[in-house]
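Overview (structure and organization)
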Amino acid sequence: MSLPVVTRFAPSPTGALHLGNVRTAFFSYLWARMTGGRFILRIEDTDVDRSEQRFRDALIAELRWLGLDWDEGPDIGGPNAPYSQAERGAFYRGLFAQLEAEGRCYPCYCSAEDLELSRKLQRMAGKPPRYAGTCRSLSRAERAEREARGLRPTLRFAVPADAVIEFVDSVHGPQRFQSDDIGDFIVRRDDGSSSFFFCNAVDDSVMDVTQVLRGDDHLTNTPRQLMVLDALGMRRPGYGHVGLLVGADGAPLSKRHGSTSVNEFRTRGFLSAALLNHLFHLGHTSDAEAWLSVAEMPAHFRPEHLGRAAARFDESQLTHWQKETLAHMSTAEIGSWLGLGDNAELIELVRHNVVLPADAGVWVAAVRGELPPLGDDERRVVEAAGREFFTAAAAATVEAGTDFKQLTKLLKERTGRKGADLFMPLRVALTGQLHGPELAPLFKLIQPEMARRRFELHAQNP
Ligand code: GLU
Ligand code: ZN
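Anyway, here's the lowdown on the structure attached to this text. Only a predicted model underlies this, so the values are computations on that prediction, with no experimental measurement involved.

1. Quick look at the site of ligand 1
The environment of ligand 1 is formed by Arg-8, Ala-10, Ser-12, Glu-44, Phe-196, Asn-200, Arg-214 and His-218. Here an oxygen atom of ligand 1 sits 2.9 Å away from a polar atom, N or O, in the side chain of Arg-214. A distance of 3.1 Å is found between an oxygen atom of ligand 1 and a side-chain nitrogen or oxygen belonging to His-218. For ligand 1, whose unbound accessible area comes to 300 Å², protein coverage reaches 80%. Cavity membership is defined here by more than half of the atoms lying within 2 Å of grid points; on that basis ligand 1 lies in the largest pocket. Along the lines of polarity and charge, the residues of the shell around ligand 1 split into two nonpolar, three polar and three charged.

See below:
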């Protein structure tokens, strides 16, 4: 019998929740839900200088907004609590003591300058820079002397010589690394906190995680982490490294591509289901091409179809999924999303012309009567049409009511205008804009009295 699948998301609360991180979190979530396993949220906050409570709060709020849930986590507890690594120091200290007692770790007193100099020398000699092993064989007396000078050591893992580290990556397949290519790495910082290599690996092991999914950028960290687990005699989780998220130009997704954080997309008005449908197809091929609700997705998730290639984030794709999401929403849902209350006619008119809530503004203003002040181009159109045109329009509105076709027919007869000369001034007077939605359905929703007043305004003002 195989173990139940346990996956996790292990963010560092050092910034806004990035789309790339959410993508691996989401795949991990789906993997657990697909199999009836467990999904854990663990906060990796041992780096006290960079971790902030506000980032932690925000990332939890954003995961919730996306509609993800977890079975264990800092906000709900669980059998492996605490789920904040800053609170797990005692556990790590016990393991450090064990490794030190067995000679698998040693204190390193090198300063940042020492290390920089050493790296420089190695580069000059044409070698890849790595820790030179300076402190590995210090005698007891040499250590005592450095302690007496008040130096605060880091703790380094003594990488065994001539070993081979192998594992099967669930995305990349069989992997093989030589220990001799890996320098002794830091497992405990000089402030006593655990480094990523260490706490990330031991926590995945003791929290019974069976499948780690993370970005490609961690692939070369994995042999280090496996050495730590092997030295401690701890169970290895499975690892899978997915291709990174890149922008349209193929470079890692970053600020210069526009929005990159969940919060930015949320603020702009993208719906969580749109984001999740886009992420679902980024570097993952599924049997499902159509829009899915979050609840439907686990059944269509295929961890064996996660890709190695970089996945391209494309906002036009996101827009496509936004439209699909809107198409799956009820009139009432759209109404409350756009803040339109229960005016079903208005909602139905607007919903097909809106991708983001801001797009509804022009419609709502036109119907509710708060037009923005005219811009220069709009003003020119009004002036070109002339006062008599708007006087005629106001009069025709009284006869046409909410029938836009009738209005334009009367105006055509009475002013001789047609095409853009006829429609543009009407559009500007009714909406305040040169571009926008089809006028006939909009006109139906504008009170004839309000339309008449808008025309009158331009009949009087120069
Ligand atoms: N805290 C790490 C990060 O955010 C976790 C990486 C992992 O998933 O193992 O990069
Ligand atoms: Zn050293």
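2. So, the coordination of the zinc ion (ligand 2)
Distances from the zinc ion (ligand 2) to its protein donors, Cys-108 (SG), Cys-110 (SG), Tyr-131 (OH) and Cys-135 (SG), fall within 2.1 to 2.3 Å. Coordination at the zinc ion (ligand 2) is tetrahedral: its four donor atoms span angles of 99 to 122 degrees at the metal.

3. Digging into the side chain of His-241
Relative to the assigned elements, His-241 resides in strand β9 (residues 238–242). Overall, the relative accessible area of 0% leaves His-241 in the buried class. Not counting residues up to four positions away in its chain, the partners in contact with His-241 are Asp-169, Val-171, His-172, Arg-214, Gly-215, Asp-216, His-218, Leu-219 and Thr-222.

4. Quick word on the layout of surface pockets
Put simply, the largest pocket is a space of about 910 Å³. What lines the largest pocket is a set of 38 residues, among which Ala-10, Ser-12, Asn-21, Asp-217 and His-218 lie closest to the centre. Listed by contribution, the elements that provide at least two residues to the lining of the largest pocket are β1 (6–9), α1 (19–35), α6 (196–206) and β8 (211–215). Grouping the constituent residues of the lining of the largest pocket by class yields 15 nonpolar, 15 polar and eight charged.

5. Examining the sheet that holds strand β4 (residues 154–157)
Within the open sheet, the three strands sit side by side as β3-β4-β7. Their pairing is antiparallel. What marks the edges here is a single partner per strand, and that holds for β3 (105–108) and β7 (186–188). The sheet shows a mean angle of 45 degrees between the axes of neighbouring strands, taken without regard to direction.

6. Digging into the packing of helix α9 (residues 272–280) against helix α10 (residues 315–327)
Taken N-terminus to C-terminus, the directions of α9 and α10 make an angle of 130 degrees; their axes are 8 Å apart at the nearest point. The angle between α9 and α10 places the two elements in the oblique class. Here α9 and α10 pass one another in a crossing that is right-handed. Here α9 contributes Ala-273, Ala-274, Leu-275, Asn-277 and His-278 to the contact with α10, which in turn contributes Gln-317, Leu-318, Trp-321, Gln-322 and Thr-325. When its residues are assigned to classes, the contact of α9 with α10 shows five nonpolar, five polar and no charged.

Conventions adopted
- Residues numbered from 1 in each chain as written.
- Chains lettered and ligands numbered in written order.
- Predicted model: local features only at pLDDT ≥ 70, side-chain atom pairs only at ≥ 80, totals over all residues.
- Heavy atoms only, no water.
- Near = heavy atom within 4 Å.
- Polar contact = N/O pair within 3.5 Å; in protein donor to acceptor, adjacent residues only side chain to side chain.
- Areas by Shrake-Rupley, 256 points an atom, 1.4 Å probe, with all protein chains shown as cover.
- 1 Å grid on protein atoms, 1.4 Å probe; cavity = no way out; pocket = protein on both sides within 12 Å on 5 of 7 lines; lining within 4 Å.
- Sits in = over half its atoms within 2 Å of the grid points.
- Nonpolar A, V, L, I, M, F, W, Y, C, P; charged D, E, K, R; others polar.
- Donors = N, O, S within 2.8 Å, 3.2 Å for Na, K, Ca; no water.
- Tetrahedral: all angles 85-135°; square planar, octahedral: opposite > 155°, others 65-115°.
- Helix = DSSP H or I, 4+ residues; strand = E, 2+ residues; numbered from the N terminus.
- Buried < 20%, exposed > 50% of the residue type's maximum accessible area, 1.4 Å probe, protein only.
- Contact = heavy atoms within 4.5 Å.
- Points joined across faces, edges and corners; volume = space filled by probe spheres on them.
- Pairing = 2+ DSSP bridges.
- Axes fitted to C-alpha atoms, helices over the stretch in contact; angles between N-to-C directions.
- Parallel < 35°, antiparallel > 145°, perpendicular 65-115°, else oblique.
- Left-handed = near helix turned anticlockwise from the far one by under 90°.

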